[in-house]
Amino acid sequence: MDVEVTLDSSPSYSFTISASCDRGDRTTMEDRLCVHQGFTKHGMLDYILLGLFDGHAGVEAAQYAKEVLPIQVDRLLRRGWDEEKALRQAFHDTNELMLEEMEGTSWYPAGIRATSPHSLNPQERARIARDGGQVAMDSRGDPRVVFSWCKRHCWARQSRCSHRKRHFPCLNITRSLGDFWSFSSDTGRFAISCDPDIRSFSIADDNIFALCLHSDGVVLSPAHIVKTMSLTSSEEKDEI
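Rules used throughout
- Residues numbered from 1 in each chain as written.
- Predicted model: local features only at pLDDT ≥ 70, side-chain atom pairs only at ≥ 80, totals over all residues.
- Heavy atoms only, no water.
- Helix = DSSP H or I, 4+ residues; strand = E, 2+ residues; numbered from the N terminus.
- Expected span 1.5 Å × (residues − 1).
- Contact = heavy atoms within 4.5 Å.
- Polar contact = N/O pair within 3.5 Å; in protein donor to acceptor, adjacent residues only side chain to side chain.
- Axes fitted to C-alpha atoms, helices over the stretch in contact; angles between N-to-C directions.
- Parallel < 35°, antiparallel > 145°, perpendicular 65-115°, else oblique.
- Left-handed = near helix turned anticlockwise from the far one by under 90°.
- Patch = residues over 30% accessible without salt bridge, like charges linked within 9 Å, V, L, I, M, F, W, Y side chains within 5 Å.
- Areas by Shrake-Rupley, 256 points an atom, 1.4 Å probe, with all protein chains shown as cover.
- Salt bridge = Lys/Arg side-chain N within 4 Å of Asp/Glu carboxyl O.
- Buried < 20%, exposed > 50% of the residue type's maximum accessible area, 1.4 Å probe, protein only.
- pLDDT = per-residue confidence, 0-100.
- Core = buried A, V, L, I, M, F, W, Y, C linked by side-chain atoms within 4.5 Å.

*Asks:* With reference to specific residues and values, describe helix α2 (residues 83-102).
*Replies:* The terminal C-alpha atoms of α2 lie 28 Å apart, and with 20 residues this matches the ideal 28 Å at 1.5 Å per residue to within 8%. Where α2 is buried, its residues meet α1 (60-78), β9 (176-177) and β11 (189-190). The N-cap residue of α2 is Asp-82: its side-chain oxygen and the backbone nitrogen of Glu-84 are 3.2 Å apart.

*Asks:* Please provide a residue-by-residue account of the packing of α1 against α2, values included.
*Replies:* Two elements in contact, α1 and α2, have axes whose closest approach is 8 Å; the angle formed by their N-to-C orientations is 135°. It follows that α1 is oblique to α2 by the angle criterion. As α1 packs across α2, the resulting crossing turns out to be right-handed. Mapping the contact onto sequence places Ala-61, Tyr-64, Ala-65, Val-68, Leu-69, Gln-72, Val-73, Arg-75, Leu-76 and Leu-77 in α1 and Glu-83, Ala-86, Leu-87, Gln-89, Ala-90, Phe-91, Asp-93, Thr-94, Leu-97, Met-98 and Glu-101 in α2.

*Asks:* So what's going on with a nonpolar patch on the surface? Which residues, and what values?
*Replies:* Judged by side-chain polarity, Val-35, Leu-50, Leu-211 and Leu-213 come together as a nonpolar surface patch covering roughly 340 Å² of accessible area. Among the structural elements, Val-35 can be located in strand β3 (residues 32-39). Since its relative accessible area comes to 37%, Val-35 is described here as partly exposed.

*Asks:* Any details on the confidence of the model for the protein? Residues and values, ideally.
*Replies:* Per-residue confidence for the protein gives a mean pLDDT of 77; residues scoring 70 or more make up 72%. Overall, residues 5-11 carries pLDDT values under 50, and its contacts beyond four positions in sequence, including any with other chains, amount to 13 contacts.

*Asks:* Any details on the side chain of Glu-30? Residues and values, ideally.
*Replies:* Looking at the element boundaries, Glu-30 is found in the loop between β2 (12-16) and β3. Of the residues examined, Glu-30 reaches a relative accessible area of 10% and is grouped as buried.

*Asks:* How would you explain the nonpolar core if you had to name every residue and give the values?
*Replies:* By size, the foremost hydrophobic cluster in this structure holds 22 residues, and its most contacted members are Phe-53, Leu-69, Met-98 and Leu-177. Where this core is concerned, the elements lending two or more residues are β4 (45-53), α1 and α2. Considering every element that reaches this core, the biggest residue donor is α1, with eight residues. Excluding residues that lie within four positions of it along the chain, Leu-69 makes contacts with Phe-53, Tyr-64, Ala-90, Phe-91 and Thr-94. Membership of the second largest hydrophobic core comes to nine residues, among which are Leu-120, Leu-171, Trp-181 and Ile-192.

*Asks:* Account for α1, with residues named and values stated.
*Replies:* With 19 residues, α1 ought to run about 27 Å at 1.5 Å a step, and its terminal C-alpha atoms sit 28 Å apart, in line with that. Residues Ala-61, Ala-62, Tyr-64, Ala-65, Val-68, Leu-69, Pro-70, Gln-72, Val-73, Asp-74 and Leu-76 constitute the buried set of α1. A positive phi of about 95° marks Gly-80, the residue just after α1.

Structural data, given as structure tokens:
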């Protein structure tokens with residue numbers, strides 16, 4: 001995908017955006033990709049939002065985030081919010097909108113990852129405990145957030161449920177969009193938080209030539225990825 005854009009008082013830049021997907025041994029592809037362009041009121045390119053939504057146990061949350069999250073980011077940026085605050089709030093707003101659509105149904109939606117790394121470190125374990133969640137070891141000895149399943153589907157922001165539940169280790173991630181099963185009626189919070197980790201990097205023409213987004217299913221090393229992208233870039237220049 002080639003996109004020609006012009007920035008205010010700047011020369012024309014050409015962005016080449018490519019994507020590759022492989023579902024591996026899964027029966028369906030649960031990830032979704034997003035390329036969203038935001039424009040100023042004068043029709044000039046303001047920003048490009050690239051998203052890779054890593055779904056688990058279903059594609060519904062990833063598809064929803066692909067459609068809704070860019071709209072929420074754009075809405076907040078147009079109100080004058082800075083980029084980091086707008087992105088963080090957009091995650092919360094998207095999660096809230098998804099919850100409003102799903103609340104009261106009998107479907108337990110699975111989410112998409114919102115943070116990296118995904119490990120259950122001591123800080124995240126403490127937060128999960130404060131939010132009313134639990135962590136237990138699975139059969140392989142790996143820590144997981146405990147999933148409490150009520151057969152009558154008492155979930156989300158309903159009153160305390162007294163029905164019999166099944167408890168089993170579920171996710172090895174601590175933050176995502178759409179994992180509403182993690183709601184605790186005792187604390188009124190979700191053990192799986194939608195608040196994302198955000199890191200900022202300065203991108204200048206003289207030090208970065210490419211940006212690579214990938215899910216944790218990629219088995220290539222960072223060095224291999226850089227080498228492959230460098231070779232691809234050289235081949236494209238030779239063809240010009």
